[in-house]
Amino acid sequence: MVKIAPSILSADFARLLEDVRRVEEAGADYLHIDVMDGHFVPNITIGPAVVAALRPHSRLVFDVHLMIEEPDRYIDPFIQAGADLITVHAETCRHLHRTLNCIREKGGRAGVALNPATGPEVLQYLPGLFDLVLVMTVNPGFGGQAFIPQTLPKIKDLQRMIGEMGGNVEIEVDGGIGPSTVPLVVQAGAGVLVAGSAIFNAPDPATAIREIREAAQRG
Ligand SMILES: O=C(CO)[C@@H](O)[C@H](O)COP(=O)(O)O
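Residues numbered from 1 in each chain as written. Predicted model: local features only at pLDDT ≥ 70, side-chain atom pairs only at ≥ 80, totals over all residues.

I tried to follow the overall build of the protein on my own but got confused; where do I start?
Along the protein, the regular secondary structure elements total eight helices and eight strands. Its C-alpha radius of gyration of 16 Å places the protein within 12% of the 17 Å reference for a compact globule of 219 residues. In terms of principal-axis extent, the alpha carbons of the protein reach across some 45 × 40 × 30 Å. Residues classed as buried in the protein amount to 46% of the 219 residues present. Taking contacts inside the protein between residues at least 6 apart in sequence as the whole, the part at least 24 apart equals 64%. (Helix = DSSP H or I, 4+ residues; strand = E, 2+ residues; numbered from the N terminus. Rg over C-alpha atoms; globule rule 2.2 N^0.38 Å. Buried ≥ 20, exposed ≤ 12 C-beta atoms within 10 Å, placed from the backbone. Contact = placed C-beta atoms within 7 Å.)

Please clarify how the sheet that holds strand 7 (residues 170-174) should be interpreted in this entry.
Strands pair in a sheet through their backbones, by hydrogen bonds, and they do so in one of two ways: parallel or antiparallel. Spatial ordering of the open sheet is given by 1-8-7-6-5-4-3-2, a layout of eight strands whose pairing is parallel. The open sheet has two free edges, formed respectively by strand 1 (3-6) and strand 2 (30-36), since each of these has just one partner strand. If you compare each strand with its neighbour and ignore which way they point, the axes differ by 25° on average. Pairing geometry for strand 7 and strand 8 (residues 192-195), over three bridges, is parallel. Looking at the pairing, Glu-172 lines up with Val-192 of strand 8. (Pairing = 2+ DSSP bridges. Axes fitted to C-alpha atoms, helices over the stretch in contact; angles between N-to-C directions.)

Would you mind showing me how to read the UniProt feature "active site" (unreviewed entry) in the protein here?
Per the UniProt record, "active site" (unreviewed entry) is found at Asp-34 and Asp-174. The largest pairwise C-alpha distance within this set of annotated residues, which runs over 141 residues, is 10.6 Å, so the set is compact in three dimensions. Looking at the secondary structure, you find Asp-34 in strand 2. Judged by the 24 C-beta atoms lying within 10 Å of it, Asp-34 falls in the buried class. Residue placement: Asp-174 occurs in strand 7. (UniProt positions renumbered as here; feature names shortened; annotations may be inferred.)

Where do I start with unusual backbone geometry in this structure?
Trans is the prevailing form of peptide bonds, just as negative phi is the prevailing case for residues other than glycine. At Glu-70, a residue that is not glycine, the phi angle is positive and equals roughly 50°. Counting through the fold element by element, Glu-70 comes out in the loop between strand 3 (61-67) and helix 3 (72-81). Take Glu-70: there are 14 C-beta atoms within 10 Å of it, and that puts it in the partly exposed class.

I would appreciate a short explanation of the pairing of strand 3 in the present structure.
Every other side chain in a regular strand lies on the same face of the sheet, so the side chains alternate between the two faces. Where burial is concerned, most of strand 3 is hidden: six out of the seven residues are buried. Relative to strand 4 (residues 85-89), strand 3 runs parallel, the two being bridged by four bridges. Across the sheet, residue Val-64 finds its bridge partner in strand 4, namely Ile-86. Crossover strand 3 to strand 4 through helix 3 is right-handed. (Right-handed = clockwise from strand over helix to strand, strands pointing away.)

Would you mind showing me how to read the UniProt feature "binding site: substrate" (unreviewed entry) in the protein here?
UniProt records the feature "binding site: substrate" (unreviewed entry) at Ser-7, His-65, Gly-141, Phe-142, Gly-143, Gly-144, Asp-174, Gly-175, Gly-176, Gly-196 and Ser-197, using the numbering of this structure. Within the secondary structure, Ser-7 is located in the loop between strand 1 and helix 1 (16-25). Owing to 25 C-beta atoms within 10 Å, Ser-7 belongs among the buried residues under this scheme. Sequence-distant contacts of Ser-7, defined by excluding residues within four places in its chain, comprise His-32, Asp-34, Gly-143, Val-194, Ala-195 and Gly-196. Topologically, Gly-144 is positioned in the loop between strand 6 (132-136) and helix 5 (152-165).

Even after reading the chapter, I still don't get the site of the ligand, so can you show me in this structure?
Not every one of the 22 residues close to the ligand is listed here, only the nearest: Ser-7, Leu-9, Gly-143, Gly-196 and Ser-197. Listed by contribution, the elements that provide at least two residues to the shell around the ligand are strand 2, strand 8 and helix 7 (197-200). (Near = placed C-beta within 6 Å.)

I keep staring at the environment of Ala-208 and nothing clicks. Help me out?
By the secondary structure assignment, Ala-208 is in helix 8 (residues 205-218). For Ala-208, a count of 23 C-beta atoms within 10 Å translates into the label buried. Measuring from C-alpha to C-alpha, the distance between Ala-208 and Phe-147 comes to 18 Å, with 61 residues separating the pair along the chain. Aside from chain neighbours lying at most four places away, what touches Ala-208 is Ala-198, Ile-199 and Ala-202.

Given below as structure tokens:
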């Protein structure tokens, strides 16, 4: 059974809590929270204050995706705000091993995100240190971009690598995920599906989530 993680980047920020409640009631598993700094990616979004404001109103797993330079500086603020899972980009971490340990020491689950051009080998010597790999299926920064099919072999390679490492690691995909791409990523090995525009831009987010689950079963 796949997990669905609606990305609030595509929510209506003027009605954020309403949108979060809607996807929670519709059976979402994670709430994907995109944090962007205008440096690592050309967009600026959400900080710990927004996470803290939402936390008392939701029981969803808060899946915080840090698309920021120097992510170590913000691990503690986001954990304090209520993040359950913190994902950092391998491309932004000089000492990825240290950063992953730091997330876990502070009480979070640790994830590593890989840009489309980054290979899975950065994870090879870190078995047991991460709980999730986030395969970016678009270049990070904006919602509504087209899925990059060249990322599919990487999902397969990661699934094999993670199987060899042992342990319980989720493969999450993010970018251009919707009913037409879900069967491809699920077949390749993805278990957590982030979707922004496919859910929040749909006339009814609950129907959109159901359609994504049905597409996953086809995969
Ligand atoms: O991290 C990002 C974009 O950088 C994503 O989480 C987007 O929010 C996905 O949006 P869609 O491609 O699903 O519209």
